[in-house]
Each structure stands twice: as C-alpha cells, then as structure tokens.
Amino acid sequence: MTLFTTGADSLKVVAIGALQVVAVFAFAPLLTGIMRKVKARTQKRIGASVFQPYYEISKLWSKDEVVSDYSSWVFRSAPWVVALATITAALFIPVFVPFSPFSAAGDVLLVIGLLALARFFTMLAGIDAASAFGGIGTSREMMISSLVEPGLFLTIFVVSLTLGGTDLTSLVGAAARSGVVIAPSMLFGLISFFIIILAETGRLPFDNPATHLELTMVHEAMVLEYSGRSLALIEWSQSTKQLVLLALLANLFLPLGMPTSIDVGLLPLGLGALAVLAKVALISVLVAYVETRVAKWRLFRVPDLLTVAIASAMVGMIFFYL
Amino acid sequence: MQVPLSEVLTLSSVALLVSTFGVVVRRGFAGWLSAYRYQSVVLAGSTAVIAYATGLWEIYAAAILTLVVKAIVIPRLLVRVTESVKDEFKIEANPYVSIRLSLLISALLVALSYGVIHETLISANLDVYALTYLPVSVSLFFIGLFVMVSRRMALNQVVGLLIIENGLFLFTTALTQGVSLIIEVGILADILVGVMISALLLLRMSQTFDSFDMVSLESLKDD
Amino acid sequence: MNFLPMLLPAIVALFIAGALLPLAFRDPRREAVASFVPAAASSLLTVALSASVLLSGSALRLSSPVVEAIPSMSLSFYVDGIGAFFMLIIGLVSTSVSIYSLGYSGAYSGKHSIRALGSLLNLFVLSMILVTATNNVFSFLLFWELMSLASFLLVVYEHEKETNLRSGITYLVMTHIGTALITAAFLVLYFQTGSLSFDSFRSAAGQLSSFTKGLVFVLALAGFGTKAGLVPMHIWLPEAHPSAPSNVSALMSGVMLKVGIYGLVRVTLGFVVPSSPGDAWMGLLMVVTGSFSALVGVLYASVEHDIKRALAYHSVENIGIIVLGLGLSVVFMSFGLQSLAALALLASMYHSLNHAVFKGLLFMGAGSVLMRTGTADMNRMGGLVKKMPWTALFFLVGSIAIAGLPPLNGFVSEWLTMQALLSSYQVPNVVLQLSIGFASIAFALTLGLASATFVKLFGISFLSRPRSKAAEEAIEAPKSMLAGMTLAGSLCVVLGVLPFVATSAVASAFGFDIGLVSSYAPFGPLTVGYAANGLRSVSSLSMPQVLVITGAVGAALLGFVTVVGPGRKTVTRRYTTWEGGFGALDERTEYTATSLSQPIRSAFRSFFRPHTSVKREYYSDSNHLIKRSVSVTSETREVFEDHLYSPALRAVVAVLDRVRRLQTGRINSYLLYIMVATISLLLLVVLQP
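Residues numbered from 1 in each chain as written. Chains lettered and ligands numbered in written order. Predicted model: local features only at pLDDT ≥ 70, side-chain atom pairs only at ≥ 80, totals over all residues.

*Asks:* Go over the overall build of chain B with me, naming the residues and quoting the values.
*Replies:* The helix and strand inventory of chain B stands at eight helices and zero strands. Going from the N terminus to the C terminus, chain B shows its helices and strands as α-α-α-α-α-α-α-α. The contacts in chain B between residues at least 6 apart in sequence include a share of 74% that link residues at least 24 apart. (Helix = DSSP H or I, 4+ residues; strand = E, 2+ residues; numbered from the N terminus. Contact = placed C-beta atoms within 7 Å.)

Structural data, given as structure tokens:
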C-alpha cells in the first residue's frame, strides 16, 4: 500500500492514521496511571488517581527549567529528539486500527531503529550533565540495551517467520486473520517479547520507575537533571513507547476482536479499537501485578533474564524450522 | 722410444692421485707445501702430455704457466707471508678427522667420483683424455673440499682451496682441449690473488687473535 | 565520453606528481599543499572515472606492456563495474582525507617530515586505485605489495615511539602472510588455466572442479581476510591503525580494508562462481566468520579507552558485517535465489560504502581531537563539545551513522542486512537456516553493543566536563580539516536519505536488476517481498518519506507545544549540576570511559576474562596496616593473541632455535654442508633410473 492510495480513500486513511497517533499520545499517560493504581492496590494502598500522570505532566509543563551549565546542546535537544522519534515510531505501528497508512515508508525495523535513536540520545544526555548519577544510568542502560537488541530482533524474526514479513500492516492483518496462533514458536516469542517489553519500558525487575536511589535507578538516573517541559516531554514519550509496545504485543500475539482489514466500516473499526484498549489495559494490569511480585534484580543478574528472553526466542525459531 | 699414450695417461693420473694423498697425509704447513709443489709439477706434466697429444700450443703455454705459478710462485709467496706466523699454527695437531681416516675417506671419494663420472657420461662420446682425467679432476675437487672441512687450522685450509683449483683446471683442460688461454690465465690470476689475500688475512688474524683455532674463532659468531 | 581513456593515466600522473612535488620544497606548508592538492584533485578524477563507468555500464580496458617478451608481466587494466564501485569508495574517502590532510599535516610540522607523509600518502592511494583496476596477477601483486609497503612506512611514521615500531612489524608480517595466501590462490588458478590474466580466470570459472573452487576460495578468504581484518587474522588492525597518523588511519580503515573486500568479491563472484547447492558451504563459512568477527570486534571495542583503538576494533566489526552479507549472497546464489542474492549483495556493498565514509569521518574527528589535545586517551578528554563544536557535530553524525540509527546511512545498510537475514527462510536447508538464525543473533548483539560503544566514545570524549588541562584548553580544528569532515559528513546524510544513489551504483556495478530490491524512482522505497505459507507481504523502507513524515511530526509537535503553552512565562535558569548538596563537583566525580563500560565488561566476563591485580606498598615491612600506596590494575587481554598467536610464535621460535644450531660459525661445517649437498646431488643423478 503506497502512501497515497486512490482518491478520497487516501484522505480517510491518512486521517485515521493521524488520529491514531493523537489517540496514542493522549492515552499513554492513562496507561501509566492504571499501572500505578494497580500496583498501589495490590500493595494495600489506595494510591493516586489514574489521571495523576496527566496532572504531573501539566504541572511540569508550566515550571521553569534548570539546565546545568556543564551540559551542551545535546542535553537541551535530547528530549525533543526522543519525543520526535517516539511519536514518529508510533505512526508506523497499527495500534487501534489494523493498519498504518505509512507502512509503505517503514516497517518494524524502522520502528526499532527510531526507538534506538531515542535511547541513544537519552544515554548521551545522561553523560552530558557531568554528574555521576547520569553516568550510572548510562552505563547500566548500555549493558541492558545491548542485550535487549538481540532479543528484540530474534522475536521479530520469529514473528516474521510465522506471520510473514516485517511490514506491520500485513503482520497485524495476518494475525487478525489467523486468530491466536497456538504454535510453540509463537508462544516462545510471546514470552520473549514480554520480557523485552519489561526491559524496554523500564519496569521491574529491570528498573524501578518510582525510585531515585542510585542503587536501583537506570532510566531515572539518565534523566535526573531534567526539569520543566523537557522532563514532561521525556515522561510522556516514555509512556507513549510503553503503550505502543503493549499494543504491538496485543495485536500480534492476541489478536481477538481485531477487524481483518480497513474496509469494514466505522463501527467494526471502533469496536476493534475498544477491544485493543481493553486488551492493552489488561496486559498493563498484568505487568503491574508482575511488578509487585518481583523485586528489582541485582544489576549483574539482569543479563541472565535477558538471556532467557534471547534463548526463548531462539527456541521459538528452532521450533519453526523443525 | 714410443710410449703408448694410454699408459702415459694412466701413469700421470695415478701420479696425480698419489700426490694428492701426499698432501692429505701431511700434518704441517711445510709438509703440505712441498707436497703441493710436487703435485703441481705432476699436473704440469699431465697438461704437457695433453698438449703433446693434441698438438695445441695453448695447452703447452698453460702447462708452463701452471709450472711457474703453482710450483714456484705460490709456494714462495706463502712461505714469505707466513714467515712470522708461529709454528704452532702451522702444525695440524688436532684435526676434526684424523689423518688416517682422511686417507680412507679420500680413497672413498676417488671411488665415488669414478663411479659418478662413468655412470653419467657413459653415453657421451668422450675421447680418451677426457675419460682418463675427468674422474681424477672430480676426485681432486672432492678431496680438496674434504681437506677444507677436516682441517682445524685456518692456514691449512688454504691447501684444500688450492687442490680444488687444481681439480677444476684439469677438468676444463681435459674436457675442452681447446680452452682459451685467456680463461686459464684468468683462473690462475684469480687463484694467485686469492691465495695472497687469504695468507695476508691469516697473518692479520694470528696477530690480532693470537689463534688460528677454528673453535675459538667460532666465538666470533654473532649470537 | 571520449576522454574517458585518458582519465586513468591522468589519475596516475597526478598522484605521482603529488608524490614527487613535495620533495622540491623546503617549507612544510608548501610541502603540504604540493602533496595534498594533487591528491585531492586526483581523487576527484577517480570519482569521475568510476561514476562514468557505472553510469555507462561499460567497462574500460587499457594496457601497457612493461616487458614485451613476457606477456604475463604486462600491466593490463580493466575497470569493470566491480572495480569501478570500489574505486568510487576509494575516491570519495581520499578526497575528504586529502582536504583534511592539508590542515592535519600542521600537527607534524617541525617534528616530522611532511614531504614523506605527503608523498607516501599519494603512493598509497594510487596503489589502492591501481589494485582495483588491474587485470592480471602480476600487476595485482605488484600494486598490492606497493600498497602494503607504503602503508607500513606510514604506520611507522612516528618512529620514535617504540610501540609504533612494534605495531609496524606486526602489520608487515601479517600482511605478508596474507599476500602469500593470496599468491597461493592465484597460483592454483594459474595451474588450472595456464595463464595469469584475470580474463582467463573468468572464462574458466565454469569448468573448475569443486575441489579447486573450494581450495581457491579458502586461500582467498584467508589471504584477503588478513588484509580486511577478519578474525582471527585481525590482530594487526588494533595496533597499526592507531599508530599511523590520523589521516592515514582514516584511509587504512576506510579504504584499505575495502580493497581486501574487493579481492574477496573478485575471487568469489568472478572466479569461483557459486552456482550449485554444493557451493553453499563457502557462503556459510563467510557468514560464520563474519558474524564471529563482528561480535569479537565490537566486544573488544566496547572496553577500549583509547579512541583510535576503539575505532580500529569497530572496523573489525563492520568488516564482519560486510563479509556476513557477502556470505549470505553466496548462499542464496548457490540455491539460485537471484533476488535474495541481489539483496544480500546490495546490503554488503552498501555497507562497504557506508563504512568507508563514516569510518573515515570518525577517524578524521579523532585526529582533530588528537591534534588539539595531544592525547588519544578518552579518560583525559571531555567537554570538547563546547571547545570544538564542529568536530563534535561531525563526530556525532559519524557515531549515529555507525550505530545504525535512522536517518543516516548506517541504518539503511543495516536494514538491508537484516532483511537479508530474515529472508533466509527461503533457503531449503535446515542446517543453513538455523546457522543463519544464529548468525542473526550475533548480528543483533553487535548492533546493540555498537550503539552502546558510541555513546561512550562520543559521550566521554566530547560531553561532560574536561578531565585534563589539555582538554580544557583545546580549540577548534583548522578549516581545511573541517572541510574534509564536512564532505564525509554530508555523504553520510545523502547516502542515508537518498538510498537510490548507492543502490543504483551497486546494481550497475554488479549487473543486477535494481527492480529486484528497490524501485526505479529516485525517491522510491527499498522493498523486500515475503512469500511463504500462503502469506504475502512487502516490507518497504522509504527514507525520503520517513524524513517528510518526521518533519511533519516535528512541526506538529512544535505547534502543539506552542499552542498548549505553559500558563505562565517560564524562564530557563542555568545552574550547576545537582550534586546532592555536597558543594561544587570535581571532574574526578564524573564517569570515565572505563567505568562506563564496566557493566558490559562484567556481563561478558567469560569472554574478556578480566584480571585485576592489586599491588600494595608499605612504609615498613613489619607493619602492614599502614600502606604507602595501593595500585589496582585491571586489564582484559586479547584472547586471540594469548591463545592463538603467542603459542604459535613460541613454537616457531623454538623450532628455529634448533635450526640455529646448524649455524655454527665455523667455516668447516659450512663447507661440509656444501660437500654433502654436492655428493648427494650427484648420487641422485646417478641412481635415478
């Protein structure tokens, strides 16, 4: 499907795509709020409202920024690069509707590349402020990301073998058509992808998003120096990335209720979107629950878990071939 | 008195070989120098025989040259240059291969050269001179080489070199009887100069290092 | 164009002028100009030559017999597509480097001879260009050797440092081992075809037995792999590239390694044409060696704190990726999967071009830093982004490119390689599929580590605070150096945003239909099709469209941020970094390169086997409680040097020691050898039937 399909359809298509991204951007903090609420409830606390992240973002939005004078333009521009990369990546992923109008321009490998670009700049920002905390975060993130990449790539490999290719629209469409694939390869891929998502979004046992202790923080350490609107952008991008990855998990591995193509009319599309929302919410509840059950792992045990993800995807691949 | 050619040839080759053994058997510088003189005379004689048989005047000239240079000039030169060298450097007291054993090995080498020459050149159409003298010359070559290998004293190795040269000279003369005189003169001059230089060097060596012993000279090796 | 045949002699003449002219001058600045301006001009002509060959699609043939009587000794030149493509790589990089050298040679004025640097550089580039243009074994080896010798002399340019001499010797030995293997490969072909000309090799390609093919391939892989820096023949790379002056390192890393790849491509695709499934093992060998090489290279790069050594190890990694792509192409070719073979070959060759450009850029940046701070140790740099803003920008561009991040060129070639790996399901052999699957794990691991390493390289060298006085007092590099870097940097951007340029060049060079992998339009996407199990899809990547989309998103974001502005007027205050209330921070509290890579070193410790030794010094031997000093040394050793080369060298030296006993120093024994040899030969002649 090219960027501009025939006639008025193309406008409809692009509009739906753009709307999808806006929806993603808008709903992302809600997901974070849900996760925090679930964690609080399982810990026998009442917890903040699910809309708390929105309040935090708007609070940060109107605050002054304090910028370290040791840092450079890399530090100032990193939040913008991160936001830009994450939102652009979201454009290529079919989140609420089973297609993305921009699939002709990029596939899942481009998405991974854009997310890697965001991570690259975040890591640089950690070093830029010349604080030891930033260095802590960056060095840990370096190790974790270097092991997350092969796991991610291998999972894509398994998915692409089973569902065909790397073009996200066709992948999601194929998943919708075939329903939930109970094949060993897909199951192993699911396990691997779940672990990878925990690592990518900075959840326990990899990283604790609620801590600021130097012993335990990874992502928080890298963005420690940020304040005001830059911090708001970073937090928002992080939530967006989380929503997008969870939606990908849902759409590829658990495609119930997803319409199989775009030409089915507005009602089924809307229902499909709601289904996705429900699935994603459910998965985030699961993630939050998992978070309360585990503690943060020692940094040098983290590679073990990531190796589990890699091994699982490897087994999935072997199962497909044999 | 008509002496048959073949017998003359046989006689001369035997005389050459005997003279070579005579050189091998000597222990001292003076000893082998006189044996060498003797050998050179025999060599000149053999060359004269070839010259008489073929009638080429160049070979006569070569014979005379040989006589003069090898029997007279070179020995005189050597004696003069090594006058100041101490006697202990002139006596081969402890050669690598004992004198008796060297004699046996020389005999073996003679047999070897006869065998090799006959095997390889059996098909070539050689005249009687070549057939007689070629094996002799090859054995001279090998014996000279062997003498150089087995002598410990540097001075005594010069004799090996000279024997080799004799063998080569005989080889060329017997094989190509019309050998150009120029080449022969060249070879002789080369040998002359070579001997002079080695004698001088040996003199210098004895003065600097006070020893001609190969074993101690070996410590000069760059390790 | 009918002045095309004159281009090659013109190029040769200009380089020779550049080599000889500086000898006429005394003033370093004039020497620099006299050598590097002809070099730059000639490199531009090289680009023109290769572009015209690629655009016209026809090859160029020249010949100048050196010795009439011996036809195999003539210098015959044949610039076909493959040669032209590599010539393009050489020309592009050497243009940037020549311009860069105008300023860089200023670092050596007064200390070393700039004449030597200039003329050797000209000879070096010329020999590389001629290697890609030759058509017979004699001239190939002649120019190959010239290239090795010129680069050796350049590596030991700063000969007062003991380490440089050692790395030079290592390099010389390794490159000659490689040359010996290459010569062996050519000799095998010569015995098969009876001629030394490449044309005859090409025409005989179909009739070689599979044993011959395999033998030639293995010899060529080992020989050219030594020059290209494949593991385990790579040990000279991390020694030689840092020892050479930075402009030479840029050329060696960016271009000379590609000449090794050129040889490999020429032999594999031209002479040993893989055409049946029985040839797939050759591709598999390349895939395995390539992925192993990539992984080893990047792992060692990640723990280096010398910026040039790290870059050298990264070259090992990227060559591994190139060979991986080439191997995939061979595997696909053996099974007749033409479009996939084209894809893999495109990925590999695109990556060669990319690597040459961004590695050249990175080395040039490192050279500027080295020139201005006097050190290549990252632990003594820092804060350079403020002192050397342009160098920092170019280095950042190079880092993003080499990490394979969009929108630069590294991402495109990496996308192509990944697609080639993902397409391996079409190979009808399970063992091959699984092996390629494992190779993809290695590849992905490499990519992850590469971006981590470049975070460290760029971050520690340029960001945060200066860690030494030299870093504090650094100033920006001279304009000519910046100009050279600009050229390379813009190439990175162009090759990333307009893949069409490179893909059509490669397609024209190797003679396959571009439509197999990409669309014909300049702004069209790269496409890879998937068809199996009843599923069909097309993955496509269109960088220009991505850029447009990103621009739109950026505009929207900016609009959003402006519209949904803060409720009040915000102020951005500048203050020091938060230091937990302890007061002003010292630069010693910053992270260093070593500490940044410590988690990686620890996570991969079974590979690195780091050992730490602690030395304690006491004031008095009776009282061990009061220490004068404690020093901790932590090092990782190169596993190949320790376990492969050192034992081999020890064994060879032991054998040679025994042989040495033959050299007694006594004339008697030497004569004995002569005698024994003569007698044995005679006996041999006699006893032979």
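What follows continues from the structure just given.
*Asks:* Requested: an account of the overall build of chain C, with residues and values cited.
*Replies:* A count of helices and strands for chain C gives 26 helices and seven strands. In terms of overall dimensions, chain C is globule-like: its C-alpha atoms have a radius of gyration of 27 Å, near the 26 Å expected for 689 residues. C-alpha extents for chain C along the principal axes are approximately 105 × 80 × 60 Å. For chain C, with 689 residues in total, the buried portion stands at 54%. The contacts of chain C with a sequence gap of at least 6 include a subset with a gap of at least 24, amounting to 78%. (Rg over C-alpha atoms; globule rule 2.2 N^0.38 Å. Buried ≥ 20, exposed ≤ 12 C-beta atoms within 10 Å, placed from the backbone.)

*Asks:* Quick rundown of helix 25 (residues 639–660) of chain C? Include the residues and the values.
*Replies:* Residue and element names in this part refer to chain C. Taking 1.5 Å per residue as the helical rise, helix 25 with its 22 residues ought to reach 32 Å, and the 31 Å between its terminal C-alpha atoms agrees with that figure. The axis of helix 25 is deflected most strongly, by about 35°, at tyrosine 645, and proline proline 647 appears within four residues downstream. When you tally the buried positions in helix 25, you get zero out of 22 residues, a small fraction of the element. (Expected span 1.5 Å × (residues − 1). Bend = angle between axes of the 7 residues up to and from the residue.)

*Asks:* Requested: an account of the domain arrangement of chain C, with residues and values cited.
*Replies:* In terms of domains, chain C is made up of domain 1 (276–522) and domain 2 (644–687). A separation of 49 Å is found between the C-alpha centroids of domain 1 of chain C and domain 2 of chain C. (Domains from an automatic or database assignment.)

*Asks:* Now, about the interface of chain C and chain B: what can you tell me, with residues and values included?
*Replies:* Every contact between the two is made by twelve residues of chain C and, on the other side, 13 residues of chain B. Class assignment for the residues of the side of chain C that touches chain B results in eight nonpolar, three polar and one charged. (Nonpolar A, V, L, I, M, F, W, Y, C, P; charged D, E, K, R; others polar.)

*Asks:* Let's hear about the nonpolar core: which residues, and what values?
*Replies:* A:Leu124 and C:Val357 are the most contacted members of the largest nonpolar core, which has 338 residues in total. Ranked by residues supplied to this core, first place goes to helix 13 (residues 338–373) of chain C with 22 residues. With residues near it in sequence (within four places) discarded, C:Val357 still touches C:Leu92, C:Val93, C:Asn409, C:Ala488, C:Leu491, C:Cys492 and C:Leu495. In this structure, B:Leu16, B:Ile59, B:Phe169 and B:Ile191 belong to the second largest nonpolar core, which totals 53 residues. (Core = buried A, V, L, I, M, F, W, Y, C linked by C-beta atoms within 7 Å.)

*Asks:* Please provide a residue-by-residue account of the pairing of strand 6 (residues 611–620) of chain C, values included.
*Replies:* All names here are of chain C. Judged by how many residues are buried, strand 6 sits mostly at the surface: zero of ten residues are covered. Relative to strand 7 (residues 623–635), strand 6 is paired through nine bridges, and the arrangement is antiparallel. For arginine 616, the partnering residue across the bridge sits in strand 7 and is valine 630. Here strand 6 folds back onto strand 7 in antiparallel fashion, the turn holding two residues. (Pairing = 2+ DSSP bridges.)

*Asks:* How would you sum up the packing of helix 2 (residues 52–61) of chain A against helix 9 (residues 228–253) of chain A? Please name residues and give values.
*Replies:* All names here are of chain A. Following both chains from N to C, one finds helix 2 and helix 9 inclined at 150°, their axes separated by 7 Å at the closest point. Viewed along their axes, helix 2 and helix 9 adopt a mutual orientation that is roughly antiparallel. Residues Pro53, Ile57, Leu60 and Trp61 of helix 2 form the contact with helix 9, whose own contacting residues are Gly228, Arg229, Leu231, Ala232, Glu235, Trp236 and Ser239. Its residues assigned to classes, the contact of helix 2 with helix 9 comprises seven nonpolar, two polar and two charged. (Axes fitted to C-alpha atoms, helices over the stretch in contact; angles between N-to-C directions. Parallel < 35°, antiparallel > 145°, perpendicular 65-115°, else oblique.)

*Asks:* Please set out the packing of helix 8 (residues 210–228) of chain C against helix 10 (residues 246–271) of chain C residue by residue, giving values where relevant.
*Replies:* All names here are of chain C. As a packed pair, helix 8 and helix 10 sit with axes 7 Å apart at the nearest point and diverge in direction by 165°. One finds that helix 8 runs roughly antiparallel with respect to helix 10. For the crossing formed where helix 8 meets helix 10, the hand is left-handed. Touching Val216, Phe217, Ala220, Leu221, Phe224, Lys227 and Ala228 of helix 8 are Leu257, Val259, Gly260, Ile261, Gly263, Leu264, Val267, Thr268 and Phe271, all from helix 10. Here the residues of the contact of helix 8 with helix 10 sort into twelve nonpolar, three polar and one charged. (Left-handed = near helix turned anticlockwise from the far one by under 90°.)

*Asks:* How would you sum up the confidence of the model for chain C? Please name residues and give values.
*Replies:* When pLDDT is averaged across chain C, the result is 84; 95% of the residues are at 70 or more. Both confidence scores are given for the complex: pTM 0.80, ipTM 0.91. (pLDDT = per-residue confidence, 0-100.)

*Asks:* I'd like a description of the interface of chain C and chain A, backed by residues and values.
*Replies:* In this complex, chain C contributes 70 residues to the contact, which on the side of chain A involves 73 residues. By residue number, the principal contributor to the side of chain C that touches chain A is helix 17 (residues 430–462) of chain C, which donates 17 residues. Considering only residue class, the side of chain C that touches chain A consists of 39 nonpolar, 23 polar and eight charged. Two elements, strand 1 (residues 65–68) of chain A and strand 5 (residues 572–575) of chain C, share four bridges in a ladder whose sense is parallel.

*Asks:* Which residues make up the arrangement of the chains, and what are the values?
*Replies:* Among the two pairs of chains in contact, the pair with the most contacts is chains A and C. Spatially, chain A and chain B are disjoint, and the shortest separation between their C-alpha atoms is 53 Å.

*Asks:* Outline helix 10 of chain C, listing residues and values.
*Replies:* The terminal C-alpha atoms of helix 10 of chain C lie 36 Å apart, and with 26 residues this matches the ideal 38 Å at 1.5 Å per residue to within 8%. Approximately 35° is the largest bend angle found in helix 10 of chain C, and it occurs at C:Met252.

*Asks:* Mind laying out unusual backbone geometry, listing which residues take part and the relevant values?
*Replies:* The residue after A:Leu204, namely A:Pro205, is reached through a cis peptide bond having omega 0°. Tracing the sequence through the fold places A:Pro205 in the loop between helix 7 (184–200) and helix 8 (219–222). Going from C:Pro406 to C:Pro407, the amide bond is cis rather than trans, its omega being 0°. Within the secondary structure layout, C:Pro407 lies in the loop between helix 15 (389–402) and helix 16 (409–422). Even without being glycine, A:Ala130 reaches a positive phi, approximately 60°. Relative to the helices and strands, A:Ala130 is located in the loop between helix 4 (108–128) and helix 5 (132–163). Phi at C:Ser464 takes a positive value of approximately 55°, unusual for a residue other than glycine. With respect to the element layout, C:Ser464 can be found in the loop between helix 17 and helix 18 (469–472). Look at C:Ser464 and you get buried, because 31 C-beta atoms sit within 10 Å.

*Asks:* So what's going on with the environment of A:Pro303? Which residues, and what values?
*Replies:* Residues and elements named next belong to chain A. On the secondary structure map, proline 303 appears in helix 11 (residues 302–321). Residue classification places proline 303 among the buried positions, given that 20 C-beta atoms sit within 10 Å. It is 18 Å that separates the C-alpha atoms of proline 303 and valine 315, two residues lying twelve residues apart in sequence.

*Asks:* Any details on the environment of A:Val285? Residues and values, ideally.
*Replies:* With respect to the element layout, A:Val285 can be found in helix 10 (residues 266–293). For A:Val285, a count of 17 C-beta atoms within 10 Å translates into the label partly exposed.

*Asks:* With reference to specific residues and values, describe the environment of C:Val53.
*Replies:* All names here are of chain C. Considering the arrangement of structural elements, one finds valine 53 in helix 2 (residues 28–56). Put simply, valine 53 and phenylalanine 85 are 32 residues apart on the chain and 8.9 Å apart in space, counted from C-alpha to C-alpha. Excluding residues that lie within four positions of it along the chain, valine 53 makes contacts with Ala59, Leu60, Val79, Gly81 and Ala84.

*Asks:* Go over the confidence of the model for chain B, please, and point to the residues and values.
*Replies:* Looking at chain B, pLDDT values average 76 and 79% of them are 70 or higher. By mean pLDDT, the top-scoring element of chain B is helix 5 (residues 128–150) of chain B (83), and the lowest-scoring one is helix 8 (residues 214–217) of chain B (61).

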